[in-house]
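# Summary of the model geometry
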Amino acid sequence: MSRITVLGLGAMGSRMASQLLAAGHTVTVWNRTPDAAEALVKQGAFHARTPREASAGAEFVIAMLRDNDASRHVWLDREIGALSGMAAGAIAIESSTLTSGWIQELGTHMQHARVALLEAPVSGSRAQADARQLAYLAGGEEEVLERCLPLLRVMGSSVHHVGGLGHGALAKLATNAMLGIQVTGLAEVIGLLERNGADASRVLAAMAGTSVWSPVAAYLSGSMMTENFAPQFPVALIEKDFGYTLEEAGSAENAPTIAAAHNVFQRAATRGMGDRNMTSVVRLFTEKRD
């Protein structure tokens, strides 16, 4: 069994730590708000006061954080940063959804400290994390990935090596862009059907029997039609990811469809939907109000 640190105990990080504990690993956790660690401590995790303290003696340090700024602070802060606590030969696993440029920069810092970096963002949400069904989109050296595979397979059902450092970030952003475009497309279609007096549920059921229907569309449309907007992937997070995707694209002109979907999530955020599931954007088109 390995000594593992998990930095960031949000919806995904806490579930990842729980799976590692269940598999018998020694797990140390850290979170910006310490209360988030209480349930994991009861399961047997050790709680550290800082990322630096948490990473001391760890063979693997996994981060699941909100954005580039959080990642930079947690890894590199001069006083509390995790990298300063890691021993040479340890492995850092960055599972947050970030930009490729930042991942490459972080890799340079890791190399100077003689710490290996694997980027391993995930596709999947809370249900997949609970079921150990996350899909990893890994970037980095193949040798480093091989060393990490036993841990990743505790938390996920598939691991895809998509290239060098930065390519995992691009794969994750591309995946989320395709997901978000489907969300906005379905939301617009439901609005169109309802405004014209059609039975939206009936039409969607018919569409599900055609080749245009994707595997995730049943979940997305079902959430929209039942107005079940409990957060699985909140509007605020996918809006952030779309911003990163457009940054990678270079301009809105290079990715006009992605830019249009981004605008939908921005509108939803300004309407107070930031903490709700991404499917709540349907309300922009069905004209329903809280």
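To start, this report covers the structure provided alongside it.

### Examining the pairing of strand β4 (residues 60–63)
Here β4 shows no split at all, with Phe60 and Ile62 on one side and Val61 and Ala63 on the other all buried. Pairing of strand β1 (residues 3–7) with β4, which is carried by four bridges, proceeds in the parallel orientation. In the strand pairing of β4, Ile4 is matched with Phe60. Two strands pair when backbone bridges link them, and β4 and strand β5 (residues 91–94) are joined in this way by four bridges, in the parallel orientation. Considered in β5, the bridge of Val61 is made with Ala92. In terms of handedness, the path from β4 via helix α4 (residues 68–76) over to β5 forms a crossover that is right-handed.

### Let's talk about the environment of Ala63
Here Ala63 shows up in strand β4. If sequence neighbours within four positions are ignored, Ala63 has contacts with Leu7, Trp75, Ile93, Glu94, Ser95 and Ser96.

### Observations concerning the side chain of Gln19
Considering the arrangement of structural elements, one finds Gln19 in helix α1 (residues 11–22). Look past the residues within four positions of Gln19 in its chain and what remains in contact with it is Ala129, Asp130, Ala131, Arg132, Val154 and Met155.

### Here we look at the nonpolar core
A general tendency of soluble globular proteins is for nonpolar side chains to be buried together. Core analysis: the largest hydrophobic core is formed by 33 residues, its most contacted members being Leu20, Val29, Leu118, Tyr136, Cys148, Leu152 and Met155. Put simply, the parts of the chain that give this core at least two residues each are β1, α1, β2 (26–30), β4, β5, β8 (134–139) and α7 (142–155). No other element matches the eight residues that α7 contributes to this core. Ignoring anything within four residues of it in the chain, the contact list for Leu152 reads Leu118, Ala120, Tyr136, Leu145 and Val159. Counting residues in hydrophobic clusters, the runner-up holds 30 residues, among them Leu204, Phe233, Ala261 and Met278.

### What to know about the layout of surface pockets
By volume, the largest pocket is sized at about 1,400 Å³. Around the largest pocket sit 47 residues that line it, and Met12, Gln232, Phe233, Pro234 and Leu237 are the ones nearest its centre. Among the secondary structure elements, those contributing two or more residues to the lining of the largest pocket are α1, α4, β7 (122–123), α6 (126–130), α8 (167–195), α10 (217–226) and α11 (235–249). A total of six residues in the lining of the largest pocket trace back to one element, the largest contributor, which is α8. Split into classes, the residues belonging to the lining of the largest pocket amount to 22 nonpolar, 18 polar and seven charged. For the second largest pocket, the calculated volume is near 200 Å³. Along the walls of the second largest pocket sit Gly107, Thr108, Met110, Gln111, Val115, Ala116, Leu117, Gly140, Glu141, Val144 and Leu165, which together make up its complete lining.

### A few points about the pairing of β1
With four of its five residues buried, β1 lies for the most part within the structure. The pairing of β1 with β2 spans five bridges and is classified as parallel. Bridging across to β2, Val6 finds its partner in Val29. The β-α-β motif built from β1, the intervening α1 and the parallel element β2 has right-handed crossover chirality.

### With respect to the environment of Asp130
Checked against the element boundaries, Asp130 lands in helix α6. Contacts of Asp130, omitting those with residues within four sequence positions, involve Arg15 and Gln19. Within polar-contact distance, the side chain of Asp130 engages the side chain of Arg15 at 3.1 Å.

### Concerning the pattern of salt bridges
Enumeration over the complete set of coordinates arrives at six salt bridges. Note that Arg72 is salt-bridged to Glu105, the shortest N-O span being 3.0 Å. Taken together, the positions of Arg72 in helix α4 and Glu105 in helix α5 (residues 100–112) put the pair 33 residues apart, joining distant regions of the chain. Among the salt bridges present, the one from Arg283 reaches Glu227, with a minimum N-O distance of 3.3 Å. Highlighted residues: Arg283 in helix α13 (residues 283–286) and Glu227 in the loop between α10 and α11, separated in sequence by 56 residues. A relative accessible area of 31% means that Glu227 is categorised as partly exposed.

### A closer look at unusual backbone geometry
Among all residues save glycine, negative phi is the norm, and among peptide bonds the norm is trans. A positive phi angle is found at Arg114, which is not glycine, with a value near 60°. With respect to the secondary-structure elements, Arg114 resides in the loop between α5 and β6 (116–119). Assessed through its relative accessible area of 62%, Arg114 is described here as exposed. One non-glycine residue with positive phi stands out, namely Arg132, at about 60°. Checked against the element boundaries, Arg132 lands in the loop between α6 and β8. Of the residues examined, Arg132 reaches a relative accessible area of 40% and is grouped as partly exposed.

The rules behind the values
- Numbering of residues starts from 1 in every chain and runs along the sequence as written.
- In keeping with the predicted nature of the model, local features appear solely for residues at pLDDT of at least 70, side-chain atom pairs appear and are counted solely at 80 or more, and the whole-chain, interface and lining totals rest on all residues.
- Water and hydrogen atoms play no part in the side-chain values, which are based on all heavy atoms of the structure.
- Between buried and exposed lies partly exposed: a residue is buried under 20% and exposed over 50% of the maximum accessible area for its type, with that area taken using a 1.4 Å probe on protein chains only.
- In DSSP terms, a helix is any run of H or I states spanning at least four residues, a strand is any run of E spanning at least two, and both are numbered starting from the N terminus.
- The pairing criterion for strands is at least two bridges between them, as found by DSSP.
- Place the viewer so that the strands point away; then a crossover is right-handed whenever the path from the first strand over the helix to the second strand goes clockwise.
- By the convention used here, residues are in contact when the closest approach between their heavy atoms is within 4.5 Å.
- Here the nonpolar core consists of buried residues drawn from Ala, Val, Leu, Ile, Met, Phe, Trp, Tyr and Cys, with membership extended through side-chain atoms lying within 4.5 Å.
- Cavities and pockets are found on a 1 Å grid laid over the protein atoms alone: a cavity is a set of points where a 1.4 Å probe fits but cannot escape, a pocket is an open set with protein on both sides within 12 Å along at least five of seven lines, and a lining residue has an atom within 4 Å of such a point.
- Grid points are joined across faces, edges and corners, and a volume is the space filled by probe spheres set on the points.
- Gly is put with the polar residues, along with every residue not named as nonpolar or charged; the nonpolar set is Ala, Val, Leu, Ile, Met, Phe, Trp, Tyr, Cys and Pro, and the charged set is Asp, Glu, Lys and Arg.
- Whenever two N or O atoms come within 3.5 Å, that pair is a polar contact, provided that in protein one can donate a hydrogen and the other can accept it, and provided that, for residues adjacent in sequence, both atoms are side-chain atoms.
- What makes a salt bridge here is a side-chain nitrogen of Lys or Arg within 4 Å of a carboxyl oxygen of Asp or Glu, nothing more.

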